[in-house]
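# Examination of the molecular architecture
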Amino acid sequence: MASHTTAHYFLEGLNEIGIDYLFCNLGTDHAPLIEEMARWRREGLTHPKIILCPHENVAMHMAAGYAAMTGRGQGVLVHVDAGTANAAMGMHNLFRSRIPVLLMAGRAPFTIHGELPGSRDNFVHFVQEPYDQASVVRPYVKWEYNLHSGVIAKEALRRAHTMMMSDPKGPAYMMLPREVLAAPWEEEQIKSYPAGQYGAATARGVDAEFIDTLADKLMAAQYPVLVSAYAGRNAEAPALLDELARLTATRVIEFNPLFLNIPHDSPCFAGFQSSPHVEQADFGLLLDVDVPWIPKYTQQRPGSFWAQVDIDVNKRDIPMWGFGANLRAEADSTRVLAQLIEHIKHRVAAGDAAFTARVKTRMAALMDEAATRQLQVAHAATDKGVKGTINPQYLCAEVGRALGPDDIIVNEGIRNMFSVFNNVPRTKPTTSIGLGSGGLGYSGGTALGAKLARPNNTVVQFVGDGGFYFSTPTSVLAVSRQYKLPIFTVIMDNTGWGAVKESTLRMYPDGVAKEEDQFAAVLAPDMEFSKIAEAAGAYGESLTDPEQVAEAVARCLAEVKGGRSAVLHARVTKL
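Residues numbered from 1 in each chain as written. Predicted model: local features only at pLDDT ≥ 70, side-chain atom pairs only at ≥ 80, totals over all residues. Heavy atoms only, no water.

Bringing the pattern of salt bridges into the picture now. In total, this model carries 31 salt bridges according to the counting rule given. Close ionic contact of glutamate 129 with arginine 120 constitutes a salt bridge, the shortest N to O distance being 2.5 Å. In this structure glutamate 129 comes out as partly exposed when scored by relative accessible area, which is 40%. Across the salt bridge formed by arginine 316 and aspartate 312, the nearest N and O atoms sit 3.0 Å from each other. Judged by relative accessible area, which is 4%, aspartate 312 ranks as buried. The structure contains a network of salt bridges with shared partners spanning Arg98, Asp290, Asp310, Asp312, Lys315, Arg316 and Glu330. (Salt bridge = Lys/Arg side-chain N within 4 Å of Asp/Glu carboxyl O. Buried < 20%, exposed > 50% of the residue type's maximum accessible area, 1.4 Å probe, protein only.)

This is the structure we're talking about:
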């Protein structure tokens, strides 16, 4: 009768739940897994591929980028409480963005005198045992568990996977004591738990009464509006949303979008600002969006009717929310969109002359608005700026002109977020990733994860100088080089944290900070980020002259297509 350690069955369990990659920063707690992986390789067995990441920030966001492209949550393996702490910001981002990941952390050995295989044999084993290790990430997980025994290793993994992949998706956390990983078990003691019986539960559509009411209100509206941020996590959503918008002549706004929710060349796409449309709307639909507008600056039209369809309709992990709706359903937005389109088409076929006339009139207005908006965006990008302060809109427009429709952007521009979205429009599903959360430093790892999932597409990371610091760039570049994942990083350097300055000015427009020009938002303004790229064997270029933008972008993209990452450090309009 064959006997193996828990580590062996744990690797089998990872295979069974469909984990493709383990993004790892390993430690002394992982010795049983490292030993078992080596044995598997010698015996020709296959386990999830290992991607070593010098910092957990990169590991977490690589998992996020891969999941965003594929829909499949991956594994991240980190070192005890220390690695968990480094991963916490990534957990925050993935939790708020509802992206699945299984974060696994070792635990310091619990035996001290050599009672079991894996007992403490190092100084750090005494100082890396907090009272409550899971508390570091507890606010950001759907499920947490300490693996008490190897006999339930596969059951625990299936439960973790089911939780992270069930709607709304999100992170799960498991702790792995070293003695548990090293303990032996006979094969007949270990059971498997197939997805067919124990797998994830997905959201469904809504009932006919809900669709009928929703269609009534939408078809009767004079100024219908739809706001979305993450419907596009499902690749089918953008086409369905565009179809509904065209069918009903509805304006669609992406407010702080996490994904592409509607093709940006659609005549119904109304940009990224909700307020002017919300104030006129007599009907609105909140479709997979956490924050549709800022209430302090936005007044809803009196008597307007609002509906909400969301994978997380109650925002269960946001303590105070504040957006009302007359009709609400927790459901899969792609299914609801398909139901609604079919229902409205049936009504139109039965004859509704007044609705058809309203749609025709609105569509003409929407086409004019879209054309005007595109002209305004193009005009704003004609100003190149001056040497040392390149216009970020012009810079982004040049990058946008150099990309193809299948290429992917990761937008961490923050202060220049709209410069990116407006001037690098995307039209295909899953070609745009934003931030659904507040943890800066996500774009580098996310870009690597997207590149891993889509190796034939160019991936561009747009980031400010502040965000570039947060993104642990040396780790990003090291992983890029080690695993041949070339990405193009565009740093829009405005010499500081513009969001901090803007926030202060919003609260104190005539305050002392403004008078003294003191915002505590500038750090090392003479940094040369291109040198960081060169140190990692990537291509680095500093850019100060707007007349050289097109050529610099071309050089960087040529390097990326040739197989190595490129960093373009552009000095843009300052704070």
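Topologically, glycine 449 is positioned in helix α16 (residues 443–453). A relative accessible area of 0% means that glycine 449 is categorised as buried. (Helix = DSSP H or I, 4+ residues; strand = E, 2+ residues; numbered from the N terminus.)

A separate point is the packing of helix α14 (residues 392–402) against helix α22 (residues 549–561). Put simply, α14 and α22 touch, their axes get as near as 10 Å, and they point 45° apart. For the element pair α14 / α22, the angle class is oblique. Once α14 is placed against α22, the crossing between them reads as right-handed. Across the interface between the two elements, Tyr394, Leu395, Glu398, Val399 and Ala402 of α14 pack against Val549, Ala550, Val553 and Leu557 of α22. A per-class count over the contact of α14 with α22 returns eight nonpolar, no polar and one charged. (Axes fitted to C-alpha atoms, helices over the stretch in contact; angles between N-to-C directions. Parallel < 35°, antiparallel > 145°, perpendicular 65-115°, else oblique. Left-handed = near helix turned anticlockwise from the far one by under 90°. Contact = heavy atoms within 4.5 Å. Nonpolar A, V, L, I, M, F, W, Y, C, P; charged D, E, K, R; others polar.)

Reading across the sheet, the five strands line up as β10-β9-β11-β12-β13 and stay open at both edges, with parallel pairing between neighbours. Lying at the two open borders of the sheet, with one neighbouring strand each, are β10 (251–254) and β13 (327–330). Going across the sheet, the axis of each strand differs from the next one's by a mean of 15°, ignoring polarity. Inspection of the sheet shows strand β9 (residues 224–228) paired to β10 by four bridges, in the parallel sense. Bridge pairing in β10 links valine 225 to arginine 251. On the sheet, helix α10 (residues 237–248) packs against β9, β10 and β11 (283–287) and is oriented at approximately 170° with respect to β9. (Pairing = 2+ DSSP bridges.)

Moving on to empty space enclosed by the protein. Counting across every chain of the model gives four cavities of 30 Å³ or more. Lining the largest cavity are 15 residues, with Ala64, Ser97, Ile99, Tyr442 and Thr446 sitting closest to its centre. At the level of secondary structure, the elements contributing two or more residues to the lining of the largest cavity comprise α3 (56–70) and α4 (80–97). In terms of residues, the lining of the largest cavity owes the most to one element, α3, which gives four residues. Class assignment of the residues belonging to the lining of the largest cavity gives a composition of eight nonpolar, seven polar and no charged. (1 Å grid on protein atoms, 1.4 Å probe; cavity = no way out; pocket = protein on both sides within 12 Å on 5 of 7 lines; lining within 4 Å. Points joined across faces, edges and corners; volume = space filled by probe spheres on them.)

Glancing now at the nonpolar core. Ranked by size, the top nonpolar core spans 63 residues in total, and within it Phe23, Met62, Val76 and Tyr173 carry the most contacts. The biggest single contributor to this core is α3, with 10 residues. With near-sequence residues (within four places) excluded, valine 76 lies in contact with Phe23, Ala59, Met60, Ala63, Val101, Leu102, Leu103 and Met104. Judged by nonpolar contacts, the second largest core, of 41 residues, contains Ala237, Leu240, Ala329 and Leu366. (Core = buried A, V, L, I, M, F, W, Y, C linked by side-chain atoms within 4.5 Å.)

Purely spatial values, then, with no claim about function.
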